[in-house]
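Single-letter residue listing:
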Amino acid sequence: MLRCIQLAKNGLGTTYPNPLVGSVIVRNDRIIGEGWHYKAGLPHAEVNAIKSVENKELLKEATIYVSLEPCSHFGKTPPCADLIIESGIKKVVVGSLDPNPKVAGRGIKKLMKAGCEVIVGALDGECDALNKRFFTFHQKKRPYIFLKWAETADGFISPKNETRNKKEPFLITNEFSRQLVHKMRAKEQAILVGTNTVLQDNPSLTVREWAGNNPVRIVIDRSLKLSQDFSVFDGTAKTIVFNEKETKTSGNLDFEKVNFSEEIPQQICQALFKREIQSVIIEGGAKTLQAFIDANLWDEAFVFNGSICFGEGIKAPNFKGVLFSEEKIKDDTLRKFKNQNT
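Each value, and the rule that gives it
Residues numbered from 1 in each chain as written. Predicted model: local features only at pLDDT ≥ 70, side-chain atom pairs only at ≥ 80, totals over all residues. Heavy atoms only, no water. Helix = DSSP H or I, 4+ residues; strand = E, 2+ residues; numbered from the N terminus. Pairing = 2+ DSSP bridges. Axes fitted to C-alpha atoms, helices over the stretch in contact; angles between N-to-C directions. Phe/Tyr/Trp six-rings, centres within 6.5 Å; stacked < 30°, edge-to-face > 60°. Buried < 20%, exposed > 50% of the residue type's maximum accessible area, 1.4 Å probe, protein only. Lys NZ or Arg CZ within 6 Å of the ring centre and 35° of its normal. Contact = heavy atoms within 4.5 Å.

Participant: Please clarify how the environment of Asp294 should be interpreted in this entry.
Facilitator: One can find Asp294 in helix 10 (residues 286-294). Taking C-alpha positions, Asp294 is 8.3 Å from Phe319, a pair spaced 25 residues apart along the chain.

Here you go:
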């Protein structure tokens, strides 16, 4: 099962809206086939694993391991449970049960009804963690939310007197930390900022220093005061603008109206759920980050601590999280926190 998890991680960033899944086929304590799900619309992990077995007759004496319950319904591809049954495999070891209502135990029932021995719960904790985005999306009806910001050694995320019309970011961290941020963007479906971040930094919010897909860009612009010459409106990636004035679509740009007299984070989460967005990075600024923290709508926080000091400026967000990882990135430090209350 550990090998299944290892294989599944190869699909991080490319399988949305599908989950990460890995599969291994074993006969006489020897791996004879393996595979993972590459991309939505392409064959699932079990299909790739079965296809990789050269002598299909061996399948009748083999056990298939899969990190997530095999699907039982027709989507863009046929049911994996059916293929397992047709292949003659008699023993199936499953990590997690699929929370998707279209599956939710039906795959297990179909296999057992066909006479397969099914073992459920092998390394289920690790398998659940593998698909934390997918599970949060289906169980909590919202995306998995990462908070991300960079702060100085004395706790500021922006200098006090930064000139807003320069349209360029004030760099707190080094180039290696920034590359890691681009790697993170390539893994997640969306990235969100507020109006002031666009005004101050003119970010593109794309993947430039790492290989991968650009995330969907999300901007909170209440009164639509941002001009179209900012980089987030350049059309290189899908962009959603939450505002209080209008709902319309123009090319790669969606404007969606929300009620700013009510809780904004909750409305955004509902809208992203409807769009089948399973993960989002909240990049700032301080007001936007604090709004999601105060609403308790976050799962992990990535805090990059630089070595410079401002002395004064805009303070970093105030939050309580459980530190679970700390690493040095040259002269920077990256600390990762979990929200124990979600």
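Alright, that's what it looks like, and here's the rest.
Participant: Help me understand the sheet that holds strand 4 (residues 91-96), please; the structure alone is not making it clear to me.
Facilitator: Pairing between the strands of a sheet comes from backbone hydrogen bonds, and it takes one of two forms, parallel or antiparallel. One open sheet holds the five strands; their spatial order is 2-1-3-4-5, and the pairing between them is mixed. Across the chains shown, the open sheet's two edge strands, defined by having one partner strand only, are strand 2 (30-36) and strand 5 (117-120). For this sheet the average axis-to-axis angle between neighbouring strands, irrespective of direction, equals 15°. The sheet contact formed by strand 4 and strand 5 spans four bridges and is parallel.

Participant: Teacher, can you tell me more about the packing of aromatic side chains here?
Facilitator: Pairs of aromatic rings are described using the distance from one ring centre to the other and the angle between the two planes. Counting across every chain of the model gives seven aromatic pairs. Ring geometry for Phe319 versus Phe337: centroids 5.1 Å apart, planes at 90°, classification edge-to-face. Note that Phe319 is positioned in the loop between strand 15 (313-315) and strand 16 (322-329) and Phe337 in strand 17 (residues 332-338), a separation of 18 residues in sequence. Under the relative-accessibility criterion, Phe319 is labelled buried at 19%. Residue Phe337 is classed as buried on the basis of its relative accessible area of 14%. One aromatic cluster is present, built from ring pairs that chain together Trp149, Trp298, Phe319 and Phe337. Over the aromatic face of Phe255 sits the side chain of Lys248, whose NZ or CZ is 5.4 Å from the ring centroid. Residue placement shows Lys338 over the ring face of Phe324; its charged tip is 5.0 Å from the ring centre.

Participant: Just checking my understanding: could you explain the sheet that holds strand 14 (residues 300-305) for this structure?
Facilitator: Here we have ten strands laid out as an open sheet, ordered 11-12-10-9-8-13-6-14-17-16, and mixed in their pairing. Only two strands of the sheet have a single partner each, and these edge strands are strand 11 (248-250) and strand 16. Averaged over neighbouring strand pairs, the angle between their axes works out to 20° when direction is ignored. Sheet topology note: the strand 8 (residues 190-194)/strand 9 (residues 216-220) ladder contains five bridges and is parallel. In the sheet register, Ile191 faces strand 9, and the bridge partner there is Arg217. Where helix 9 (residues 264-274) meets the sheet, its contacts fall on strand 6 (144-151), strand 8, strand 9, strand 10 (239-243), strand 12 (253-257) and strand 13 (279-284), and the angle it forms with strand 10 comes to roughly 140°.

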